[in-house]
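Here is how the chains run, residue by residue.
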Amino acid sequence: MKHLLILFIALFVNIQLTYGICQPDYLVYQGKIYSLQFKLLRKYFEKYPDKRPQNMRYSRYKNQEYAATFKFKNNVLTVKDIEIRDNKDAWISVMDKVFPDKAQRSLHGFDGVLLMPHGRMVKYICCNSIYRKYLLLSIKQGKVLQIKKMRRKQFFRFKKQQFEAFKKTKAYPILLKSLYKKWKFDQQGLDGTIQSAIT
C-alpha cells in the first residue's frame with residue numbers, strides 16, 4: 001500500500017500536463033463537496049467524442065468545460081451528474097443524454113488518484129491554486145484502497161518523493177522525450193514541470 005500512489009503517476013502527469021482544469025469536476029465524499037484536480041471522464045469522451053457534452057451555442061461559456069459530479073455508491077465511484085451551461089448561462093443536467101444506461105455510471109474500471117485541495121487558499125494560480133489542506137484517495141477498479149490527508153507542506157514534500165520515485169520508472173524517459181518534443185524545455189525545466197504536475 002505504501003507505494004500504491006506511485007503506480008498512477010505517469011497517467012495523471014500526462015493528464016495534468018496536457019489539459020488545464022479551469023472548470024473542475026466535483027466529488028461528494030463523506031458529506032462534503034470537493035473540487036477535483038483533473039477531469040475523470042476525459043478519456044471516456046476522447047473514446048466517445050459524440051457523447052461529450054457542450055455548452056449551449058449562445059452561452060458566453062460555450063468554450064468552457066462541462067461540470068461532472070461524482071459520488072461513491074455501494075463503495076464504487078459513480079457519476080452523480082453532468083451539467084452544462086444553457087443559453088441563459090444557467091447550469092442544466094445532461095446526465096440522461098450522456099449516460100442513458102445507469103449501469104454505465106459506475107466507474108468499475110477506474111484506477112487512479114483523486115486529488116482534492118481544500119481549506120483556505122494560500123496562493124492563487126490559474127487552474128492550480130495552492131491550499132492549506134489536501135485529501136488524496138487512491139482508487140483501484142472504482143474502489144478506495146488508500147486515503148491520505150495532508151497539510152500543504154507535507155503535501156509538497158510528498159510530491160517531491162513521488163517525483164523521485166517516478167524518475168526511477170521506465171515511464172520517466174518516455175515522458176521526458178514527449179514533453180521535449182512539445183515544449184523544447186531543458187532538463188531542469190522539464191523536471192520542474194513534471195514535479196509541479198505530479199500527484
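Look up: the structure comes first, before these words.
The present account deals with the structure reproduced in this document. (Residues numbered from 1 in each chain as written. Predicted model: local features only at pLDDT ≥ 70, side-chain atom pairs only at ≥ 80, totals over all residues. Heavy atoms only, no water.)

1. Side note on the packing of aromatic side chains
Summed over the entire model, instances satisfying the criterion amount to 10 aromatic pairs. With centroids separated by 5.4 Å and ring planes inclined at 75°, the aromatic side chains of Phe155 and Phe156 adopt a geometry described as edge-to-face. Look at Phe155 and you get buried, because its relative accessible area is 3%. Residue classification places Phe156 among the partly exposed residues on the basis of a relative accessible area of 34%. Between Phe163 and Tyr172 the ring centres are 6.4 Å apart and the planes differ by 80°, which places this aromatic pair in the edge-to-face class. On the basis of relative accessible area, Phe163 is assigned to the buried category, the value being 3%. (Phe/Tyr/Trp six-rings, centres within 6.5 Å; stacked < 30°, edge-to-face > 60°. Buried < 20%, exposed > 50% of the residue type's maximum accessible area, 1.4 Å probe, protein only.)

2. Here we look at the pattern of salt bridges
Under the counting rule described, the total for this entry stands at three salt bridges. For Arg105, the salt bridge goes to Asp96, with nearest N and O atoms at 2.9 Å. Its relative accessible area of 12% is what places Arg105 among the buried residues. A salt bridge links Asp111 to Lys140; its shortest N-O distance comes to 3.3 Å. Placement of the pair is Asp111 in the loop between helix H3 (95-98) and strand E6 (112-123) and Lys140 in strand E7 (residues 130-140), with a sequence separation of 29 residues. Judged by relative accessible area, Asp111 falls into the partly exposed class, the value being 25%. By relative accessible area, which is 37% here, Lys140 ends up partly exposed. (Salt bridge = Lys/Arg side-chain N within 4 Å of Asp/Glu carboxyl O. Helix = DSSP H or I, 4+ residues; strand = E, 2+ residues; numbered from the N terminus.)

3. Side note on the sheet that holds E7
Here three strands make up an open sheet; going across it, the order is E6-E7-E8 and the pairing antiparallel. In this open sheet, the two strands that pair with only one neighbour each are E6 and strand E8 (143-151). Direction aside, neighbouring strands of the sheet carry axes that sit 15° apart on average. Where E6 meets E7, nine bridges bridge the pair, whose relative direction is antiparallel. Of the residues in E7, the one forming a bridge with Gly112 is Ile139. Contacting E6, E7 and E8, helix H4 (residues 152-166) runs over the sheet at an angle of about 120° to E8. (Pairing = 2+ DSSP bridges. Axes fitted to C-alpha atoms, helices over the stretch in contact; angles between N-to-C directions. Contact = heavy atoms within 4.5 Å.)

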